[in-house]
Amino acid sequence: MSTGYRPRATTMRALALVVTAYEKVSGVSGLLRPEPTPIDRSLRTRVTALDRLTDDVVSLRLELLDGGRLPRWHPGAHVDVELPSGALRQYSLCGDPDERDHYRIAVRRIADGGGGSRAIHALGVGDRLTLRGPRNAFPFITADRYLFVAGGIGITPIRPMLHDAIRRGAEWQFVYTGRSRASMPFLDELSALDPHRVHVRPDDEYGPPDAAKVLALAPDGAALYTCGPPPMIDAIRAELPAAPIASLHFERFSPAPVVGGKPFEVVLARSGHVVPVGASETALIAIRRVLPDVAYSCQQGFCGTCPVRLLGGDVEHRDRCLTTLERESRVAVCVSRATGRITLDL
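1. Quick look at the sheet that holds strand E14 (residues 308–316)
The strand order E13-E12-E16-E14-E15 describes an open sheet built from 5 strands, whose pairing is mixed. Here the strands that pair on one side only, and so sit at the sheet edges, are strand E13 (273–277) and strand E15 (330–331). Note that strand E12 (residues 264–268) and strand E16 (residues 337–344) share 4 bridges and pair parallel. Looking at the pairing, Val267 lines up with Thr343 of E16.

The structure is reproduced here in structure tokens:
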């Protein structure tokens, strides 16, 4: 047993306070500690192949400039894509997670959108893109039974999920909807998987999807995964709970409509401009009428691109990207709302 002197805890605390005070006065702490080195997690890639899947959907194969292996990902994941303009957009990974020599994304051109899809469609083989991620806001759970429902370009996160379920031997059914067969990416490939489990329902042949009939196809106890336009997802949600569905997992490819909104005002502190926000629109849409280049991406409150510094006012936070502490000083303008008037550092 050691019989050496052991300083008391109170003595050690006092000594620590003295050292801390000395460091503050002398600056020794800052001199001895090296400056933190920022970590660049960007993925610098090159377009190595383009595949036109439909008249308005193009698929891109992206490989690292150095030919290395890309980070692992799981079905449902997306990457942040920095466009040539500097704008950031999210696109689902739709390839095979085991193929780490490249990523694959597919993008539908939206003529009257925010410009991201048009920028992607203007790319050619050899062009470079910087990616961040991958990240997963639509995680794919392990289950024995699934019902997959995809609408149009909503097939992109569903495709790797479907192939994963098949590899694992899970029981599944798949419903694929779209405007027409010609508008539905990967249609031939997916139709060939199993004619008894793949149900192709284009609107011009069957009309808009009947949610009750769609859910009736589910195996008992199925995990339901769906991605597509808001009306399709809302119709499915309205039918739940339903006997065969054990859990619901969904992702929208366009913003959900504002629910329970009331008008408010946003003061842009740098110019003093007061922007009225209507009851049925988001602050982002209203702000972009004055500042069209304001940063945004997902428009659903999860990506973390649009939050700006809050200088005053009461906010009703509706995002999924800010912590409780961050919400004291920042606001995600794509989804959050306010009472009366708020002031932003814009």
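Anyway, onward from the coordinates.
2. Quick look at the confidence of the model for the chain
Of the residues in the chain, 88% have a pLDDT of 70 or more, and the chain-wide mean is 88. Residue range residues 1–5 is modelled with pLDDT below 50. Its contacts to residues more than four positions away, or to other chains, number 0 contacts. Counting contacts from residues 22–33, a segment whose pLDDT is below 50, to residues more than four positions away or on other chains yields 5 contacts.

3. So, unusual backbone geometry
With an omega dihedral of 5°, the bond running from Gly133 to Pro134 counts as a cis peptide bond. Residue position: Pro134 is located in strand E6 (residues 128–135). Residues Leu240 and Pro241 are joined by a peptide bond in cis, for which omega reads 5°. Examined against the element boundaries, Pro241 turns out to sit in the loop between helix H8 (230–238) and strand E11 (245–252).

4. Let's talk about the pattern of salt bridges
One pass over the full model with this rule turns up 17 salt bridges. Across the pair Asp56 and Arg179 runs a salt bridge whose closest N-O atoms are separated by 3.5 Å. Here Arg179 lies in the loop between strand E8 (171–178) and helix H5 (187–191) and Asp56 lies in the loop between strand E1 (43–54) and strand E2 (57–64), a separation of 123 residues in the sequence. Between Arg327 and Asp319 there is a salt bridge, with the nearest N and O atoms lying 3.3 Å from each other. Its relative accessible area of 5% is what places Asp319 among the buried residues. If you follow the salt bridges from partner to partner, you end up with Asp56, Arg108 and Arg179 in one network.

What counts and how
Residues numbered from 1 in each chain as written. Predicted model: local features only at pLDDT ≥ 70, side-chain atom pairs only at ≥ 80, totals over all residues. Heavy atoms only, no water. Pairing = 2+ DSSP bridges. Helix = DSSP H or I, 4+ residues; strand = E, 2+ residues; numbered from the N terminus. pLDDT = per-residue confidence, 0-100. Contact = heavy atoms within 4.5 Å. Salt bridge = Lys/Arg side-chain N within 4 Å of Asp/Glu carboxyl O. Buried < 20%, exposed > 50% of the residue type's maximum accessible area, 1.4 Å probe, protein only.

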